[in-house]
Amino acid sequence: MNAISDRLAPGRLLGPEGWRRRRTLIGMGYALPTAIMVAVFFIVPLLLVVQMSASDWTLLSGDRGLNVPENYADLGSGRLFWPAVEFTIRYTLIVTVLLIALGLLMALVVQESGRWSGMLRTVFLLPLAVGLAAASLLFWGFYSNSIGPLNPMLQGAGLIESPISFLGTPTNALMSTVFLIVWKFAGFYMLILLVGLQSIPRDIYESAALDGAGRWSTFRHITLPLLRPALALSLILAVTGSLLAFDQFFLLTKGGPDNTTVTIVQLIYREAFQLQDLGKAAAISIVLLVALLALNALWFRSLRKPATE
Amino acid sequence: MKTAGWTRTPSYVLTGGLAIIFLFPLVWSAIASVSPQPATGQVDGYGLGNYVTLLEFQAGLGQFLLNSTIISAVTVVTTLAVSILGGYAFAKFAFPGKDILFLGTLAILMVPYATLLIPLYVLLRTLGLGDSLVGLGLVLAMYQLPFATYMMRISFEAVPRELEESAMVDGAGTFQVLRRILMPAVVPGLITVGLFAFLAAWNDFFGPLILISDPDKQPLPLAIAVLRQQTMGAIDYGATEAGVIVMAVPCLFLFVFLQRYYMRGFMSGAIKG
């Protein structure tokens, strides 16, 4: 980096104009690695996936020419496509509501400083450090009838007669995965909402207390409205993350039972690497990308609008 | 004050119960990995038999750990180097295309991982980076850039300009200003960026699943998933939980150890953002 480091103090040899031009060039030099990374690993693949989505492109033979309407037109005819879309949306709704509700509750619990709050904060954040794949494999054993602790505990407490198959029915498989995700990510939403809570000025609460506002009414009329930006960020992240769910279903439920827990990203993976049709996989990816962009655009528009209060 | 303590008891019970639910799966998997279980590496009594199974599986635990370490090192070093220089450029310099490049970097967040991995699978092959740990590390670094660049930009912007100017008057170049003045001032930000790049790279599963096909180059998450799928007959739950512990322990350790740094990194970001 010494090549672009200048050894000149401002205006020592160059006039102000030359100094400014020199700083412009140096700034571009520092931004160059970012530009290269973004171009090579983001812009080029993005253009390539658009091209692939319009091509007959297989895993083994590569590009075999244009295949324009087919890749997209055939999308809906796949046996798993609409069930996967429906399942992904259903999963997203459940997970988003639970993550934000629990994250908010946890943030409210740990927002005071103190030893107990600090310990709780660390405990709630711990699952965040465990990778999603590792957590999925952990829960795969946790829910199993062979070594899982839940059935023996529930039976010991006399709560159930016969063992529950946690991954055996479509509903159980969905709910077991939802529990895994809430366990793993609730701490993350707690963190976002905690940052939001701490940016609310103390004196607002003090003046509310002077006005005789109760706990619930303070929460309803002060905390929630002022938490709007942090809640909006949580909503965007939870929805986007859930719509792109893959690891948890690939590793924990394996899409089963009977393909009832197949998500859109799993469909992309199957199309590309099991059916070896990269063109069609690219087409599904583009549809997913456009859907996410539209969703985000919608949100940003609604966020821009002044709060209606 | 006694009455206050009494009214607080239900909240202690509630939050304590929640804490136990959060800790239980982790504690259980640690115990399960050393517990006796038929058809695993640990049949009689407690012991490390399941970890021995991992040592002997395919290329061996040592190789998988090395692969994960290489990927993580490439990701962390690349992310830090690119985002420190980029963050410096965005925070302290004016140049044409600055806003477009910054928005372009943030736009990476909008594009699903799966959407980019399909073309990257083809592209990395043509670049000679197919089936390569370095190639995967670079892809993961690209995905860290939106967060890392944003974080470094707001961290550098928070450093008062007078500090740099006094160094410049003393004849320091822009790179010396970055190294001697700015970087020491943003250590929580650097640790936050480095830690999150490490966690993302160490734990990534989808990237290696698509980009790595040589069994000797598998990182840990992929190897453990393969181990589970390949076992003939009885499924080896014990070795799987041992693999979970090997994957989780370094992350948990770093996460707890570095907590005060990244909490500060986040909170300072909140004030500026």
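In this convention, every chain numbers its residues from 1, walking through the sequence in written order. Chains and ligands are labelled by the order in which they are written, letters from A for the one and numbers from 1 for the other. Restriction of local features to residues with pLDDT of at least 70 applies here, the model being predicted, together with a cutoff of 80 or more for giving and counting side-chain atom pairs; totals for whole chains, interfaces and linings are based on all residues.

So, about the overall build of chain A. The secondary structure content of chain A amounts to 13 helices and two strands. Its C-alpha atoms give chain A a radius of gyration of 26 Å, more than 25% over the compact-globule value 19 Å for 309 residues. The principal-axis extents of the C-alpha atoms in chain A amount to approximately 85 × 75 × 40 Å. To sort residues by burial, count the other C-beta atoms lying within 10 Å of each one's C-beta; a count of 20 or more means buried, 12 or fewer means exposed, and anything in between means partly exposed. C-beta atoms are built from the backbone. Within chain A, the proportion of its 309 residues that are buried is 37%. Only runs of H or I of at least four residues qualify as helices and only runs of E of at least two qualify as strands under DSSP, and these elements are numbered from the N terminus. Every radius of gyration here is taken over C-alpha atoms, with the globule rule written as 2.2 Å times N^0.38, N being the number of residues.

Looking now at the overall build of chain B. The secondary structure content of chain B amounts to 13 helices and zero strands. When the helices and strands of chain B are listed from N to C terminus, the series reads α-α-α-α-α-α-α-α-α-α-α-α-α. Relative to a compact globule of 273 residues, whose C-alpha radius of gyration would be 19 Å, chain B shows 23 Å and is clearly more extended. C-alpha extents for chain B along the principal axes are approximately 70 × 70 × 35 Å. Split into buried and exposed, the 273 residues of chain B put 48% on the buried side.

Here we take up the environment of A:Lys280. Residues and elements named next belong to chain A. By the element assignment, Lys280 lies in helix H13 (residues 278-304). In this structure Lys280 comes out as buried when scored by C-beta crowding, with 26 C-beta atoms within 10 Å. C-alpha separation for the pair Lys280 and Gly255, spaced 25 residues apart in sequence, amounts to 20 Å. Whether two residues are in contact is decided by their C-beta atoms, placed from the backbone, lying within 7 Å. Every residue in contact with Lys280, bar those within four places of it in the chain, is listed here: Asn71, Asp74 and Glu271.

Moving on to the interface of chain A and chain B. Taken together, the contacts link 73 residues of chain A with 72 residues of chain B. When contributions to the side of chain A that touches chain B are tallied by element, the ones reaching two or more residues are helix H1 (16-53), helix H4 (115-129), helix H5 (132-142), helix H7 (170-198), helix H11 (247-253), helix H12 (264-274) and H13 of chain A. With 20 residues, the top contributor of residues to the side of chain A that touches chain B is H1(A).

Before going further, it helps to examine the nonpolar core. Counting residues in hydrophobic clusters, the biggest one holds 155 residues, and the most contacted among them are A:Phe124, A:Ala134, A:Leu137, A:Met190, A:Ile268, B:Ile118 and B:Met142. Looking at this core element by element, the count peaks at 16 residues for helix H6 (residues 133-157) of chain B. Where a domain begins and ends is set by an automatic assignment or by a domain database. Here this core gathers at least three residues from each of two domains, domain 1 (2-53) and domain 2 (81-261) of chain A. Contact partners of B:Met142, with chain neighbours within four places excluded, come to A:Met37, A:Phe41, A:Phe42 and B:Ile108. For this analysis, nonpolar core means a set of buried Ala, Val, Leu, Ile, Met, Phe, Trp, Tyr and Cys residues linked through C-beta atoms within 7 Å.

On to the confidence of the model for chain B. Any segment with low pLDDT has predicted coordinates that should not be analysed in fine detail. All names here are of chain B. How sure the predictor is of each residue is captured by pLDDT, a score from 0 to 100. With 93% of its residues at a pLDDT of 70 or more, chain B has an overall mean of 88. Within chain B, helix H13 (residues 259-272) has the poorest average pLDDT of any element, 68, and helix H3 (residues 61-92) the best, 97. Across the whole predicted complex the pTM is 0.89, and at the interface the ipTM reaches 0.90.

Here chain A averages 88 in pLDDT, and 94% of its residues register 70 or above. Residue range residues 1-11 of chain A is modelled with pLDDT below 50. Its contacts to residues more than four positions away, or to other chains, number 24 contacts.

Once that is clear, we can look at unusual backbone geometry. All names here are of chain A. Residues Gly256 and Pro257 are joined by a peptide bond in cis, for which omega reads -5°. Tracing the sequence through the fold places Pro257 in the loop between H11 and H12. The backbone of Asp258 sits at a positive phi, close to 55°, despite the residue not being glycine. With respect to the helices and strands, Asp258 occurs in the loop between H11 and H12. Unlike most non-glycine residues, Asn259 shows phi in positive territory, near 60°.

Further remarks concern the domain arrangement of chain A. Think of interface size as the accessible area that goes away when the parts come together; that is how it is often given. Per the domain assignment, the segments making up chain A are domain 1 (2-53) and domain 2 (81-261). Distance between the C-alpha centres of domain 1 of chain A and domain 2 of chain A: 42 Å.

Below, the discussion takes up the packing of helix H3 (residues 81-110) of chain A against H4(A). Residue and element names in this part refer to chain A. Think of each axis as a best-fit line through the C-alpha atoms, taken over the contacting stretch in the case of a helix, with angles from 0 to 180 degrees between the N-to-C directions. Two elements in contact, H3 and H4, have axes separated by 9 Å at closest approach and are oriented at 150°. In this view, H3 runs roughly antiparallel relative to H4, as classed from their interaxial angle. Here H3 contributes Met106, Val109 and Val110 to the contact with H4, which in turn contributes Ser117, Leu120, Arg121 and Phe124. Classification convention: Asp, Glu, Lys, Arg as charged; Ala, Val, Leu, Ile, Met, Phe, Trp, Tyr, Cys, Pro as nonpolar; all other residues, Gly among them, as polar. By residue class, the composition of the contact of H3 with H4 is five nonpolar, one polar and one charged. Angles below 35 degrees are treated as roughly parallel, those above 145 as roughly antiparallel, those between 65 and 115 as roughly perpendicular, and all remaining angles as oblique.

All names here are of chain A. Direction of pairing for strand S1 (residues 55-58) relative to strand S2 (residues 62-66): antiparallel, over a ladder of three bridges. Residue pairing across strands places Ser55 opposite Leu66, the latter belonging to S2. Where S1 hands over to S2, the hairpin turn is made up of three residues, counted between the paired strands. At least two bridges found by DSSP between two strands is the condition for calling them paired.

Assignment of secondary structure puts A:Gly18 in helix H1. Judged by the 12 C-beta atoms lying within 10 Å of it, A:Gly18 is exposed.

In a pair of packed helices, the angle between the axes and the distance between the axes together describe the arrangement. Residues and elements named next belong to chain A. Interaxial distance between H4 and H7 falls to 7 Å at its minimum, and their mutual angle equals 120°. In terms of orientation, H4 lies oblique with respect to H7. For the crossing formed where H4 meets H7, the hand is left-handed. In this structure, H4 contributes Phe124, Leu125, Pro127 and Leu128 to the contact, and H7 contributes Trp183, Lys184, Ala186, Gly187, Phe188, Met190 and Leu191. Here the residues of the contact of H4 with H7 are counted per class, giving nine nonpolar, one polar and one charged. Whether a crossing is left-handed or right-handed is set by the direction in which the near helix is turned from the far one by less than a right angle, anticlockwise for left-handed and clockwise for right-handed.

This part is about the environment of B:Thr149. Along the chain, the position of B:Thr149 falls in helix H6. Judged by the 29 C-beta atoms lying within 10 Å of it, B:Thr149 falls in the buried class. Expressed as a C-alpha distance, the spacing of B:Thr149 and B:Ser83, which sit 66 residues apart in the sequence, is 4.7 Å. Not counting residues up to four positions away in its chain, the partners in contact with B:Thr149 are A:Thr34, B:Ser83, B:Gly86, B:Gly87, B:Phe90 and B:Thr105.

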